[in-house]
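Chain residues, written in single-letter form:
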Amino acid sequence: MLKKFKWIPLIFLFLLACNGFQPKDEIYEPNYKPQIIVFSLISPEKGYNYAIVERTLTLEEYDRTLYGGNSASSIINDAVVKIIHGQDAVQLTFHQSKSKDDEDYYNSDYFSRGIYLDKENELVVKPGEIYRLRVELAD
């Protein structure tokens, strides 16, 4: 039984010698192009029709020390967001709120960061139907 365990210190020393436990250098890509991230939820229930449109951040933008303890904002607030069903289309409106009541209602910190909503409650979602989400950006 002890013969099995005598190899453990040798394996540990081998990994240590091969820098197996050393931190890896991060790859810096100065020509990084942000990617678009879209999340949407629609439901027959009132108040659940929304979309979130964000972009990825570079390492420098994510560095909280450069932005006073926060990351740069990833929210895109000038997109045209539509939910399309057949020939009908409902445009969602960008909304940003500091109200804790809104944040609790939607159960998301995105409400304070920025979210696209069906403010007029125009969208009537029917179970089993197919809906398309269209997001247009300025660029």
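Anything mentioned here points back to the structure above.
A brief structural summary. Per chain, the residues get numbers from 1 upward, laid out in the order the sequence is written. Local features are withheld for residues below a pLDDT of 70 in this predicted model, meaning they are given only at 70 or higher, and side-chain atom pairs are given and counted only at 80 or more; totals for whole chains, interfaces and linings count all residues. Only hydrogens and water are set aside when side-chain values are computed; all heavy atoms of the structure are taken into account.

## Topic: the sheet that holds strand β3 (residues 80-85)
Here is the rule: At least two bridges found by DSSP between two strands are what make those strands a pair. A run of H or I in DSSP counts as a helix once it spans at least four residues, and a run of E counts as a strand once it spans at least two, with each numbered from the N terminus. Whenever a helix is involved, its axis is fitted only over the stretch in contact; in every case the axis is a line through C-alpha atoms, and angles between N-to-C directions fall within 0 to 180 degrees.
What the 6 strands build is an open sheet, ordered β1-β2-β5-β4-β3-β6; its pairing is antiparallel. Unpaired on one side and paired on the other, β1 (36-41) and β6 (132-136) mark the two borders of the sheet. Here the strands of the sheet are splayed against their neighbours by 25° on average, with no regard to which way each runs. For β3 and strand β4 (residues 88-95), the ladder comprises 5 bridges, and the chain directions are antiparallel. Its bridge partner lying in β4, His85 is registered against Asp88.

## Some remarks on the pairing of strand β2 (residues 50-55)
On a regular strand, one side chain projects to one face of the sheet and the next to the other, so that they alternate. Stated precisely, the cut-off is as follows: We call a residue buried when its accessible area falls under 20% of the maximum for its residue type, exposed when it is over 50%, and partly exposed in between, using a 1.4 Å probe and counting protein chains only.
Counting buried positions along β2 gives 5 out of 6 residues, so the element sits mostly inside the fold. Pairing between β1 and β2: 6 bridges, direction antiparallel. Opposite Leu41, over in β2, you have Tyr50 as the bridge partner. Pairing of β2 with strand β5 (residues 115-117) involves 2 bridges; the strand directions are antiparallel. Within β5, the position partnered with Tyr50 by the bridge is Leu117.

## Focus: unusual backbone geometry
Within the chain, Asn121 stands out as a residue other than glycine whose phi angle is a positive 50°. With respect to the element layout, Asn121 can be found in the loop between β5 and β6.

## Considering the environment of Val124
By secondary structure assignment, the location of Val124 is in the loop between β5 and β6. A relative accessible area of 60% means that Val124 is categorised as exposed. Separated by 79 residues in the primary sequence, Val124 and Glu45 have C-alpha atoms spaced 9.2 Å apart.

## Brief notes about the side chain of Glu54
Quick reminder of the rule: Residues adjacent in sequence count toward polar contacts only when both atoms are side-chain atoms; beyond that, a polar contact is any pair of N or O atoms within 3.5 Å, and within protein one must be able to donate a hydrogen and the other to accept it. The criterion used for residue contact is that any of the two residues' heavy atoms lie within 4.5 Å.
Mapped onto the secondary structure, Glu54 falls in strand β2. A polar contact of 2.6 Å, which involves the side chain of Glu54, links it to the side chain of Ser74. With residues near it in sequence (within four places) discarded, Glu54 still touches Gln35, Ile36, Ile37, Ser74, Ile75, Ile76, Tyr110 and Arg113.

## Quick look at the packing of aromatic side chains
Going by this rule: A pair of Phe, Tyr and Trp rings is counted when the ring centres sit within 6.5 Å of each other, with Trp represented by its six-membered ring. The angle between the planes then sorts it: under 30 degrees is stacked, over 60 is edge-to-face, the rest tilted.
Inspection of the entire model under this criterion finds 2 aromatic pairs. Considering the side-chain rings of Phe39 and Tyr50, the 6.4 Å spacing of their centres and the 50° angle between planes classify their relative orientation as tilted. Taken together, the residues Phe39 in strand β1 and Tyr50 in strand β2 connect sequence positions 11 residues apart. The class for Phe39 is partly exposed, based on a relative accessible area of 45%. Plain terms: the ring middles of Phe94 and Tyr116 are 5.2 Å apart, the flat faces sit at 65° to each other, and that makes the pair edge-to-face. With Phe94 in strand β4 and Tyr116 in strand β5, this pair connects stretches of sequence that are 22 residues apart.

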